[in-house]
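# Per-entry structural report
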Amino acid sequence: TGIITAWGRRWGLSQRLYVLGFARSAACWYLEGIAHTMTAYPPMRDILDTVNTWIAADRPIALATVAATWGSAPRAVGAHMAIAPDGDSAAIAGSVSGGCVEAAVIREALEVIADGTPRLLHFGVSDDQAWDVGLACGGQISVLVERLDGAWWTLAAARMTSDLPTTTLTLLDGDHIGAKALYDADGLSLYSAAGFPHESSFADAVIAARRATRATIAGHDLLLDTSRPRPHLIVVGGAHVALLLAEMGLRLDYRVTVIDPRRVFATPERFPAPIAITHEYPDRAFARIGLDADSYIAVLTHDPKIDDKALIAALPSAARYVGVMSSRKTHAARLERLRAAGIDDGQIARIHTPIGIDIGASTPEEIALSIMAQIVAVRRAK
């Protein structure tokens with residue numbers, strides 16, 4: 001078995017050293033792979049439903065959050081794991097390391113629930129141990145373990161469910177470690193726990209934050225945990241490829257909207273909730289929905305009366321991705337119509353067509369995969 005050392009710092013108590021045995025390296029690497037798949041989700045979303053269920057059942061809950069990483073730690077800053085006592089064991093949701101340090105975190109979490117004392121844990125391995133335990137290249141992580149702040153969670157979870165941008169600041173030092181404040185995208189404070197300091201520079205840091213990070217601001221050691229709206233996959237046309245593409249979008253935690261004025265193609269039976277359906281023409285639907293840098297548009301109808309309206313409205317917008325299913329011959333004729341409608345060459349250059357990454361796709365499933373892969377590549381700037 002691999003051996004990992006963990007320094008668990010208890011606030012108000014002396015440091016303790018743990019030496020923990022873990023499962024064989026193959027099992028840890030397997031769990032690390034699971035952790036990597038979970039990074040598709042925003043930090044809180046993978047535990048949201050479970051924690052809400054526990055709250056409704058009045059169960060005591062601890063929250064573990066990755067506060068910092070060094071090297072090749074399996075999960076990023078801001079990753080969460082929720083822990084609740086379950087008889088002689090514990091129930092968990094989420095992950096902070098993909099299985100490599102969870103045993104120690106769970107043990108600490110149960111003690112936090114019992115004594116109410118938050119603690120910041122540090123886990124690390126030397127390079128010669130790294131491969132055995134799954135923290136590659138001597139990876140290290142710091143994890144804050146605390147009782148769940150129910151008032152903060154209620155507000156933060158509601159905003160995440162509504163796809164509203166939010167940043168949580170959490171103190172990582174001092175007498176009030178774990179104290180939180182919640183801010184909106186404009187730096188307006190929505191919640192502040194007892195003991196959380198009030199500094200004008202916090203609002204500026206919130207406005208500038210783009211991802212979860214640990215920072216020292218106005219002399220305070222803070223975790224900035226950002227929650228951004230989910231990307232919005234907008235599919236124009238409800239044919240077979242659209243069915244598969246919409247499902248892939250949901251699995252990758254995109255909001256999904258299907259637009260098709262031909263009602264027979266866009267029905268709740270074909271596109272069940274939470275997929276949104278509209279039977280407007282795309283130009284009207286875009287105006288109502290609003291297009292921004294989190295919008296990814298796939299135009300799939302092959303009907304110029306619909307496709308042209310979608311492109312004319314989407315190309316001048318801030319939408320991050322605009323793709324259209326088309327042959328090169330059909331697209332050449334479309335370009336003439338777009339130019340006649342006032343779309344300039346710079347905007348035309350934004351069109352991805354033939355849509356999707358070239359993987360030799362021929363079946364609807366493969367075509368949908370190639371489109372989703374292209375959207376992800378654009379989103380990740382690859």
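These lines cover the structure that appears in this document, whether it is placed above or below. Predicted model, so just to flag it, every value in this text is computed and none were measured. (Residues numbered from 1 in each chain as written. Predicted model: local features only at pLDDT ≥ 70, side-chain atom pairs only at ≥ 80, totals over all residues. Heavy atoms only, no water.)

## Regarding the layout of surface pockets
Summary: where empty space remains is shown by rolling a probe the size of a single water molecule over the atoms. Rule in force here: Definitions used for this entry: grid spacing 1 Å over protein atoms alone; cavity, a set of points where a 1.4 Å probe fits but cannot get out; pocket, an open set with protein on both sides within 12 Å along at least 5 of 7 lines; lining residue, one with an atom within 4 Å of a point. Grid points are joined across faces, edges and corners, and a volume is the space filled by probe spheres set on the points. Note on residue classes: Ala, Val, Leu, Ile, Met, Phe, Trp, Tyr, Cys and Pro are nonpolar, Asp, Glu, Lys and Arg are charged, and everything else, Gly too, is polar.
Of the voids in this model, the second largest pocket is the one considered here, and its volume is about 230 Å³. Lining the second largest pocket are 13 residues; nearest its centre among them are P354, I355, G356, I357 and D358. A class-by-class count of the residues in the lining of the second largest pocket yields seven nonpolar, four polar and two charged.

## Focus: unusual backbone geometry
For the record, the criterion: Numbering of helices and strands starts at the N terminus; helices are DSSP runs of H or I of at least 4 residues and strands are runs of E of at least 2.
Residues A273 and P274 are joined by a peptide bond in cis, for which omega reads 15 degrees. Inspection of the secondary structure puts P274 in the loop between β14 (255–259) and β15 (276–278). A cis amide bond links T353 to the next residue, P354, at an omega of -5 degrees. Summarising the element assignment, P354 is placed in the loop between β18 (351–352) and α12 (364–379). A positive phi angle, close to 65 degrees, is found at D253, a residue other than glycine.

## Things to note about empty space enclosed by the protein
For the structure on display, the rule yields two cavities of 30 Å³ or more. Lining the largest cavity are twelve residues, and of these M44, T168, D225, T226 and S227 sit closest to its centre. Of the residues belonging to the lining of the largest cavity, the class tally is six nonpolar, five polar and one charged. Volume-wise, the second largest cavity comes out at about 30 Å³. In this structure, the second largest cavity is lined by T65, H80, L144, E146, W152, T168, T170, K180, L223 and D225. At the level of secondary structure, the elements contributing two or more residues to the lining of the second largest cavity comprise β7 (136–147), β8 (166–171) and β12 (220–227). Counted by class, the lining of the second largest cavity contains three nonpolar, four polar and three charged residues.

## Quick look at the sheet that holds β18
For the record, the criterion: For two strands to be treated as a pair, DSSP must find at least two bridges joining them. When checking whether two residues touch, look at their non-hydrogen atoms; a contact exists if any pair is within 4.5 Å. Only the contacting stretch of a helix is used when fitting its axis, a line to C-alpha atoms as for every element, and angles between N-to-C directions run 0 to 180 degrees.
Read from one edge of the open sheet, six strands run β15-β14-β13-β16-β17-β18, paired in parallel fashion. Pairing within the sheet leaves two strands with one partner each, and these edge strands are β15 and β18. Of the strand pairs in this sheet, strand β13 (residues 232–236) and β14 are connected by five bridges, and their pairing is parallel. Looking at β14, one finds that I234 is bridged to T257. Helix α8 (residues 282–289) rests against β13, β14, β15 and β16 (295–299) of the sheet, and its axis sits at about 150 degrees to β14.

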